[in-house]
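Secondary and tertiary structure notes
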Amino acid sequence: MLTQTTTRVLEPSDLDAALAILDREPVANAFVSARVQIAGLDPWRLGGEMWGWYEDGMLRSLCYAGANLVPISATSAAVRGFADRARRSGRRCSSIVGPAGPTAQLWRLLEPSWGPAREVRARQPLMVADRMPEGIEPDPYVRRVRKNEMETIMPACVAMFTEEVGVSPLAGDGGLLYQARVAELVGSGRAFARIEDGKVVFKAEIGAATPQVCQIQGVWVAPEYRGRGLSVSGMAAVLRYALADIAPVASLYVNDFNKPARASYLRVGFEEVGEFMSVLF
C-alpha cells in the first residue's frame, strides 16, 4: 500500500479510480474523460500516460501527459508532484491546458526549465449550454459534413487551426495526423458546416463527447462572410445537433480576447462556468 504522497503512471487496473476522479468535473474534464472512456489507461491506446497523485494510499488527482499536459482535479501538492515528474521526463507536449488555477501553478513551476512558451493564454472562459436559445433560428444550411467532402472541409480546418493556434497543422508530418483527426470527426458525424458552391462558409466540430457532456471546437467563419451573424445561427444549429444526438450539455472554451466569438456564444445561450488556461509551445 502506498503511503504519504507519491506520483506514478496509472495502469489499466486503475481505470475505475481514475474515472471516479474524472466524473467529479465532467465539463472541465470532457477532453480527457472522452479519451479514457474509449481507450482506457493503456498508454499506447490513450496516446499518453495518465499520472496519478496519491495521498495516504488514495488516488486524489490526475495529470494526462500526451500531446497536451492536462492537470485534473489537481491540488497544489499534486501540481508540485506532477511538475517534478514533467521536469524529469522533459517536455514532450505541444501545450499545457486545463483549469486556470492548477495550469498557472504548473506553468510557474515548469517555465524555468521548459520556457519560454510561444504563447500563454491565461484566461479562456469555459462555457456551457443545456437548452436551445429562444429567438435564435438555427441555420438550416448547417449540416453534417459527408465522408466524400474531406477535400472541401480540409482547407477550412487548416485555416481555422492556423488562425487559432498560430502555426499550421501541416507542419512536421505534412498534416497526416491532423487530416486523420478531421477524417475521424467527419466519419463519426461530428463535423458540421454550411457549404456554398463548394466552399465552406461556416464550420464547427464536436471534438470530445461523453454521456454527460460534449465539447464544441473549431468554430470558424470564412473571413469574407464575417460580421453577418452566421456564427450565431450556425452555432445554434450545431448546438441543436449536439443536444439532440450526443449529450445533454454542450461546452466550449474561448480566448478572452476574442470578443466577437464570446458575444456570439452568449447570444446562443452559453454561460460562463469556469476558466481555462493554455500554454502553447
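Anyway, here's the lowdown on the structure attached to this text. (Residues numbered from 1 in each chain as written. Predicted model: local features only at pLDDT ≥ 70, side-chain atom pairs only at ≥ 80, totals over all residues. Heavy atoms only, no water.)

**As for the sheet that holds strand 7 (residues 143-144)**
As a reminder, the rule being used: Here the rule is simple: two strands pair whenever DSSP picks up at least two bridges between them. Where helices and strands are cited, they refer to DSSP runs of H or I of at least four residues and of E of at least two residues respectively, numbered from the N terminus. We call two residues in contact whenever any of their non-hydrogen atoms come within 4.5 Å of each other. Every angle, taken between N-to-C directions, lies between 0 and 180 degrees, and every axis is a line fitted to C-alpha atoms, over only the stretch in contact when it is a helix.
Taken in spatial order, the twelve strands line up as 1-2-3-4-5-12-6-11-10-9-8-7 in an open sheet, and their pairing is mixed. Single-partner strands in this sheet number two, and they are strand 1 (5-9) and strand 7. The sheet contact formed by strand 5 (residues 95-99) and strand 12 (residues 271-280) spans five bridges and is antiparallel. Within the sheet, the bridge partner assigned to P99 lies in strand 12 and is F276. Packed on one face of the sheet, helix 5 (residues 100-114) meets strand 4 (68-72), strand 5, strand 6 (119-129) and strand 12 and runs near 155° to strand 5.

**Re the nonpolar core**
Operational definition: By nonpolar core we mean a set of buried residues, namely Ala, Val, Leu, Ile, Met, Phe, Trp, Tyr and Cys, connected to one another through side-chain atoms within 4.5 Å. Residue burial is assigned from relative accessible area. The probe radius is 1.4 Å, only protein chains are included, and a residue is buried under 20% of its type maximum, exposed over 50%, and partly exposed in between.
In terms of nonpolar packing, the biggest core is built from 45 residues, with I153, V182, I216, M235, V238, Y265 and F270 touching the most fellow members. Looking at this core, the element that brings in the most residues is helix 8 (residues 230-245), giving eight residues. Apart from residues lying up to four places away in sequence, V182 is in contact with M150, I153, M154 and C157. Counting 25 residues, the second-largest nonpolar core is a separate cluster that includes A30, V36, V128 and F276.

**A word on the side chain of K203**
Rules: Pairing of N or O atoms within 3.5 Å defines a polar contact, subject to two protein rules: one partner must be a possible hydrogen donor and the other a possible acceptor, and residues neighboring in sequence count only if both atoms are side-chain atoms.
Following the sequence through the fold, K203 ends up in strand 9 (residues 199-209). By relative accessible area, which is 0% here, K203 ends up buried. Among the polar contacts listed, one links the side chain of K203 to the side chain of E205, at a separation of 2.8 Å. A polar side-chain atom of K203 sits 2.6 Å from the main-chain carbonyl oxygen of G218.

So, to be careful, I would describe these as geometric facts and stop short of saying anything about function.
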